[in-house]
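Fold and contact review
Residue strings, one per chain:
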Amino acid sequence: MAYNELKSNQLLELKTIQDLKNAGYQSKTIKEELRDNLINSLQNNGNPFEGIYGYEETVIPDIERAILSRHNINLLGLRGQAKTRIARLMVGLLDEYIPFVKGSELNDDPFSPLSRFAKDLIAEKGDSTEIEWLHRNERYTEKLATPDVTVSDLIGDVDPIRAANLKLNYSDERVINFGLIPRSHRCIFVINELPDLQARIQVALFNILQEGDIQIRGFKLRLPLDIQFVFTANPEDYTNRGSIVTPLKDRIGSQIITHYPTTLEISKKITHQESSLAEAQKEKIKVGEIATDLVEQISFVARDSEYVDEKSGVSARLTISAYENLVSAAERRMLINNEKTTSVRMSDFRGVVPAIAGKIELVYEGEQEGAGIVAESLINKSIREQFLKFFPDPEKQKKLKEDSLYYMMLKWFGDGNTVDIMNDASQTEYEKQLKQVPLLEKIVAQKHPKAKGDEKLFLMEFLLHGLAEYSALNKNILANGMVFKDLFSSMFSMPESDDDDEFDEY
């Protein structure tokens, strides 16, 4: 049976170099290995980048072309664009097991040894030299570039303690303590945030990328390392911490530009895949499609907001954290009211403000407003963006006057009536507040006849929020909830409380 046809358990039974020769093993570089396995995957309609959405027609084909070209890769994009996730998934294109000389710290190929240790051992024992097997999950090394990273960390340095213990002269290469890169021989090596690496450290990578060898101190040492490099970086015009030096960039085979999801549907797939919800949350809390769309809309609005620094980007982690907070807000309310199940409400979106505020970089005007106020504004704009998909435009309805779909309902507010939606209101109180508004339920039933139960209540509350965003109603934000009332009457009324900070008006 040919080596390529051997199963994992049969491979692990091979114990010496002689066993490898008998099985027909042939050395292969990691780039050839990735290329061969990708070819096999493409021919069999496989998907080596499972779980990466939105890149099917853009980034993934570029990566596959780079692998087929046996290039080192630089993934260039803003934060939260799955750069590191893509690099980690490349491990799936490696062979399940590869052999290496037993005891070798550099994963030496038995047929092409690299280190002094492996060469001496094979010279002594020949074909009876023992081998071990390295699983593909152990062939991935990741290093976050920080200003304190040294050449010694990445490449290596002379170890005086080892020299003393082994009684070796400093001219003996065995005194070298190898760094992360040599120890990643025959592996995928990832450097995240490459521009953060000091320029002099980047220079140390030149030889490794171009000639495949390393230089340590004054040693005349040539180690033809076999490594698949993957770098990640933010665009140079964004990061103020550093940049990629031009000669290093020139030595990287393919630079691939990543991007954010282009549609809500793609963004929703990512959020549902990445969000971490407890089983109890999944079982007891229902999240409607409109609520999910609103969460995703927040990130799209933020990327276009004049308050958010577009060069820093808006990470996909924003919507993931916002979705988790939204569900948790509904869960907290359910627990407070001793209810067994619940559905997400519009009022629960107050709970996603902390998730938004910590994930956006504000420009000067945004800093003036404050992260919390900007987060509230993004939610409100998201409501406005989504509203017209479900209900008629309030601005066009104004021209119809008495014939307007909203006329009688708004007249009820004009008579001095209000709707109080508290954050922790029980289901009974929540329904009572919404159903007291004349025609509110009827309008929802007319436009969405299939909506029942909690979905109908969500749409009723959503309608009130939408009217407020189109300046047909006034929405007062309180510390523990919100009040909807007539827009014009609120202009001439002052809050009863002497505390001006008790609520803000939108």
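The paragraphs below set out a description of the structure included in this document.

**Notes on the overall build of the chain**
- Helix and strand counts for the chain come out as 25 helices and 15 strands.
- Across the 506 residues of the chain, 51% fall into the buried class.
- Excluding contacts between residues fewer than 6 apart, the proportion of contacts in the chain whose partners are at least 24 apart in sequence is 74%.
- Counting every atom, the chain has about 24900 Å² of accessible surface; 47% of that belongs to carbon and sulfur.

**Overview of the sheet that holds strand E9 (residues 254-257)**
- The five strands lie next to each other as E4-E7-E8-E1-E9, forming an open sheet whose pairing is parallel. Two strands close off the open sheet at either side, each with one partner strand: strand E4 (140-144) and E9. In this sheet, adjacent strand axes meet at a mean angle of 20 degrees when their direction is disregarded.
- Sheet analysis places strand E1 (residues 73-76) next to E9, joined by four bridges and oriented parallel. Across the sheet, residue Ile-73 finds its bridge partner in E9, namely Ser-254.
- Against the sheet, helix H3 (residues 30-43) contacts strand E7 (187-192) and strand E8 (227-233), and its axis sits at roughly 80 degrees relative to E8.
- Strands E1 and E9 of the sheet are contacted by helix H4 (residues 59-68), whose axis makes an angle of about 170 degrees with E9.

**Section: empty space enclosed by the protein**
- Scanning the entire structure with this criterion turns up three cavities of 30 Å³ or more.
- A volume near 90 Å³ is recorded for the largest cavity.
- Taken together, Met-346, Phe-349, Arg-350, Glu-376, Ile-379, Asn-380, Ile-383, His-465, Lys-475, Ile-477 and Met-482 form the lining of the largest cavity.
- Secondary structure elements with two or more residues in the lining of the largest cavity: helix H19 (371-387) and strand E13 (473-478).
- By residue number, the principal contributor to the lining of the largest cavity is H19, which donates four residues.
- Grouping the amino acids of the lining of the largest cavity by side-chain chemistry returns six nonpolar, two polar and three charged.
- The space that makes up the second largest cavity amounts to roughly 50 Å³.
- As for the second largest cavity, its lining consists of Arg-333, Thr-342, Ser-343, Val-344, Arg-345, Gln-427, Tyr-430, Asp-454, Leu-457 and Phe-458.
- Those elements that place two or more of their residues in the lining of the second largest cavity are strand E11 (342-343), helix H22 (427-435) and helix H24 (453-469).

**Here's the deal with the packing of aromatic side chains**
- Counted under the stated rule, the structure contains eleven aromatic pairs.
- Between Trp-412 and Phe-413, the aromatic rings sit 5.0 Å apart at their centres with planes inclined by 80 degrees, giving edge-to-face as the arrangement. Grouping residues by exposure puts Trp-412 and Phe-413 together as buried.
- Here the aromatic rings of Phe-458 and Phe-462 are separated by 6.5 Å at their centres, their planes lie at 15 degrees, and the arrangement is stacked. On the criterion of helical spacing, the pair formed by Phe-458 and Phe-462 is a turn pair, its members being four residues apart in helix H24.
- Phe-458 sits in the buried class, given a relative accessible area of 7%.
- Judged by relative accessible area, which is 0%, Phe-462 ranks as buried.

**Things to note about helix H21 (residues 407-414)**
- All of the buried residues along H21 are Met-409, Trp-412 and Phe-413. Mapping the buried residues of H21 onto a view down its axis gives an arc of 100 degrees, with all of them on the same face.
- Against strand E12 (419-422), helix H23 (440-447), H24, E13 and strand E14 (481-486) lie the buried residues of H21.
- Backbone geometry just after H21 places Gly-416 at a positive phi near 100 degrees.

**Regarding unusual backbone geometry**
- One non-glycine residue, Ala-82, lies in the positive phi region at around 65 degrees.
- Along the polypeptide, Ala-82 turns up in the loop between E1 and helix H5 (83-89).
- Ala-82 gets classed as partly exposed once you look at its relative accessible area, which sits at 29%.
- The phi dihedral of Asn-107 falls on the positive side, at around 55 degrees, and the residue is not glycine.
- Take Asn-107: it is sitting in the loop between strand E2 (97-101) and helix H6 (116-125).
- The class for Asn-107 is buried, based on a relative accessible area of 11%.

**A few points about the pattern of salt bridges**
- Applying the stated criterion across every chain, the model contains 24 salt bridges.
- The partner of Arg-384 in a salt bridge is Glu-395, and the shortest N-O contact between them spans 3.7 Å. With Arg-384 in helix H19 and Glu-395 in helix H20 (residues 394-398), this residue pair connects regions lying eleven residues apart in the sequence.
- Under the relative-accessibility criterion, Glu-395 is labelled partly exposed at 40%.

**Re the side chain of Thr-129**
- Residue placement: Thr-129 occurs in the loop between H6 and strand E3 (131-135).
- Looking at Thr-129, the relative accessible area reads 0%, which means it is buried.
- Apart from the residues lying within four places of it in its own chain, the contact partners of Thr-129 are Lys-15, Thr-16, Ile-17, Val-101, Leu-121 and Ile-122.

Basis of the calculations
- Residues take numbers from 1 onward in each chain, read along the sequence in its written order.
- For a predicted model such as this one, the threshold for reporting local features is a pLDDT of at least 70, and the threshold for listing and counting side-chain atom pairs is 80 or more; totals across whole chains, interfaces and linings nevertheless cover every residue.
- Based on all heavy atoms of the structure, the side-chain values leave hydrogens and waters out of the count.
- Only runs of H or I of at least four residues qualify as helices and only runs of E of at least two qualify as strands under DSSP, and these elements are numbered from the N terminus.
- Think of it in three bands: residues with accessible area under 20% of the maximum for their type are buried, residues over 50% are exposed, and the middle band is partly exposed, with areas taken using a 1.4 Å probe on protein chains only.
- Residue contacts follow a heavy-atom distance rule, with two residues in contact if any of their heavy atoms lie within 4.5 Å.
- What sets the accessible areas is the Shrake-Rupley method with a 1.4 Å probe; for residues, cover comes only from the shown protein chains.
- In this description, strands pair whenever DSSP reports at least two bridges between them.
- Structural elements are reduced to axes, namely lines fitted to C-alpha atoms, with helices fitted over the stretch in contact, and the angle between N-to-C directions of any two is expressed from 0 to 180 degrees.
- Cavities and pockets are found on a 1 Å grid laid over the protein atoms alone: a cavity is a set of points where a 1.4 Å probe fits but cannot escape, a pocket is an open set with protein on both sides within 12 Å along at least five of seven lines, and a lining residue has an atom within 4 Å of such a point.
- Grid points are joined across faces, edges and corners, and a volume is the space filled by probe spheres set on the points.
- Basically, the charged four are Asp, Glu, Lys and Arg, the nonpolar ten are Ala, Val, Leu, Ile, Met, Phe, Trp, Tyr, Cys and Pro, and anything else, Gly included, counts as polar.
- Put simply, two rings from Phe, Tyr or Trp (the six-membered ring, in Trp's case) pair if the centres are within 6.5 Å, and we call them stacked under 30 degrees between planes, edge-to-face over 60, tilted for the rest.
- What the arc covers is the set of directions going from the helix axis to the C-beta atoms.
- The term salt bridge refers to a pairing of a side-chain nitrogen on Lys or Arg with a carboxyl oxygen on Asp or Glu at a separation within 4 Å.

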